[in-house]
Amino acid sequence: MSVSAPVARVYARLVQGEGVVSACQAEGLAYQQDVTVDAHYDGKPVCTVTLPWVIEGHAFLWADEALAESIAEERLQAMASALAMPVCIVRREVALSPQS
């Protein structure tokens, strides 16, 4: 998926831990919180879901760090395939501590 440069910059800010509102305002992007949309299966709506954030028409989902990475990834990919919009999955950067 290709995203515009401002959306990519917001994504980079979010990965680094910046808040959604401040990241979007810094880039001048429109955003909405708690957006309800239909999830689809085989092209048909099957249920509604509430997305935490929609930024410039992209659903932004966060990886659940409390789950095993493989489970979280599977859930996020399933959600992404069910939405009729581009999806950006935010995974927090892990700061590496210097090795002595």
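Everything below is about the structure printed above this text.
It should be emphasised that the depicted structure is a prediction, and the values quoted were computed from it without experimental measurement. (Residues numbered from 1 in each chain as written. Predicted model: local features only at pLDDT ≥ 70, side-chain atom pairs only at ≥ 80, totals over all residues. Heavy atoms only, no water.)

Engineer: Break down the pairing of strand S4 (residues 87-90) for me, citing the residues and quoting the values.
Structural biologist: Going residue by residue along S4, you find Val87 and Ile89 tucked away on one face and Cys88 and Val90 tucked away on the opposite face as well. Two elements, strand S3 (residues 58-62) and S4, share four bridges in a ladder whose sense is parallel. When the bridges of S4 are listed, Ala59 appears paired with Val87. (Buried < 20%, exposed > 50% of the residue type's maximum accessible area, 1.4 Å probe, protein only. Helix = DSSP H or I, 4+ residues; strand = E, 2+ residues; numbered from the N terminus. Pairing = 2+ DSSP bridges.)

Engineer: Help me get a handle on the pattern of salt bridges, residues and values and all.
Structural biologist: For the structure on display, the rule yields four salt bridges. Residues Glu18 and Arg13 are paired through a salt bridge, measuring 3.2 Å at the closest nitrogen-oxygen approach. Judged by relative accessible area, Glu18 falls into the partly exposed class, the value being 27%. Between Arg91 and Glu73 there is a salt bridge whose closest N-O contact spans 2.6 Å. On the criterion of sequence distance, the pair formed by Arg91 in the segment after S4 and Glu73 in helix H3 (residues 69-82) is long-range, its members being 18 residues apart. Residue Arg91 is classed as partly exposed on the basis of its relative accessible area, which comes to 35%. Take Glu73: its relative accessible area is 26%, and that puts it in the partly exposed class. Through salt bridges with shared partners, one network takes in Arg9, Arg13, Glu18 and Glu27. (Salt bridge = Lys/Arg side-chain N within 4 Å of Asp/Glu carboxyl O.)

Engineer: Can you break down the environment of Leu83 residue by residue, with the values?
Structural biologist: On the secondary structure map, Leu83 appears in the loop between H3 and S4. As a C-alpha pair, Leu83 and Val37 span 46 residues in sequence and 7.9 Å in three-dimensional space. With sequence-adjacent residues up to four places away left out, Leu83 is seen in contact with Val37, Asp38, Val49, Leu51 and Ala59. (Contact = heavy atoms within 4.5 Å.)

Engineer: Outline the pairing of strand S2 (residues 44-55), supporting the account with residue identities and numerical values.
Structural biologist: Relative to S2, strand S1 (residues 31-41) runs antiparallel, the two sharing 10 bridges. Note on S2: the bridge partner recorded for Tyr31 is Ile55. Hairpin connection of S1 to S2: two residues between the antiparallel strands, including Asp42 at a positive phi of 55°. Bridge count between S2 and S3: three bridges; the pairing is antiparallel. Following the sheet pairing, Ile55 is matched in S3 by His58. Where S2 hands over to S3, the hairpin turn is made up of two residues, of which Glu56 adopts a positive phi near 50°.

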